[in-house]
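Close look at the chain arrangement
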Amino acid sequence: MEFKQSESLGMLVDEWLHKSCDAMIGTGDDWATIYMVSSDEKEKGHATELLTEAKKHYEGLGKKFGSSVALNDNMRRILKRLEIEEYKSEYNE
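Conventions adopted
Residues numbered from 1 in each chain as written. Predicted model: local features only at pLDDT ≥ 70, side-chain atom pairs only at ≥ 80, totals over all residues. Heavy atoms only, no water. Pairing = 2+ DSSP bridges. Helix = DSSP H or I, 4+ residues; strand = E, 2+ residues; numbered from the N terminus. Right-handed = clockwise from strand over helix to strand, strands pointing away. Patch = residues over 30% accessible without salt bridge, like charges linked within 9 Å, V, L, I, M, F, W, Y side chains within 5 Å. Areas by Shrake-Rupley, 256 points an atom, 1.4 Å probe, with all protein chains shown as cover. Salt bridge = Lys/Arg side-chain N within 4 Å of Asp/Glu carboxyl O. Axes fitted to C-alpha atoms, helices over the stretch in contact; angles between N-to-C directions. Parallel < 35°, antiparallel > 145°, perpendicular 65-115°, else oblique. Left-handed = near helix turned anticlockwise from the far one by under 90°. Contact = heavy atoms within 4.5 Å. Nonpolar A, V, L, I, M, F, W, Y, C, P; charged D, E, K, R; others polar.

1. Quick look at the pairing of strand S5 (residues 64-67)
Relative to S5, strand S4 (residues 31-39) runs parallel, the two being bridged by four bridges. Paired with Ala32 across the two strands is Phe65, which belongs to S5. Where the polypeptide runs from S4 across helix H1 (residues 46-60) and back to S5, its parallel neighbour, the crossover connection is right-handed. Where S5 lies against strand S6 (residues 85-86), two bridges are found, and the strand directions are parallel. Looking across to S6, one finds that Ser67 is bridged to Glu86. What joins S5 to S6 is helix H2 (residues 73-81), and the crossover it makes is right-handed.

In structure tokens:
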């Protein structure tokens with residue numbers, strides 16, 4: 001498991017890498033938000049492992065850890081299982 005800072009869409013994000021999975025997580029003083037998760041090998045648990053470690057990391061820093069709107073049902077299930085809040089808009093409630 002590793003992460004580095006990179007620039008995406010004009011902002012700095014933490015890019016997490018674990019096995020076949022990567023994630024981009026934006027951070028502020030007291031928050032961390034998942035913007036993207038991608039896995040080349042689905043249903044192997046790589047995203048779950050990555051997000052479990054990321055959650056521990058950011059919450060250990062005292063940050064509120066959540067996710068932008070899940071783009072598919074698999075991601076929504078992972079967020080629910082790990083008790084990561086999915087920030088919803090009025091369009092997808």
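2. Overview of a nonpolar patch on the surface
There is a patch of nonpolar side chains on the surface, built from Met11, Trp31 and Tyr35 and spanning about 270 Å² of accessible area. In this fold, Tyr35 is placed in strand S4.

3. Concerning the packing of H1 against H2
At a closest axis distance of 11 Å, the pairing of H1 and H2 adopts a crossing angle of 40°. Put simply, H1 runs oblique to H2. The interaxial crossing formed by H1 with H2 has right-handed handedness. Packed against H1, whose contacting residues are Ala47, Thr48 and Leu51, the element H2 presents Met75, Ile78 and Arg81 at the interface. By residue class, the composition of the contact of H1 with H2 is four nonpolar, one polar and one charged.

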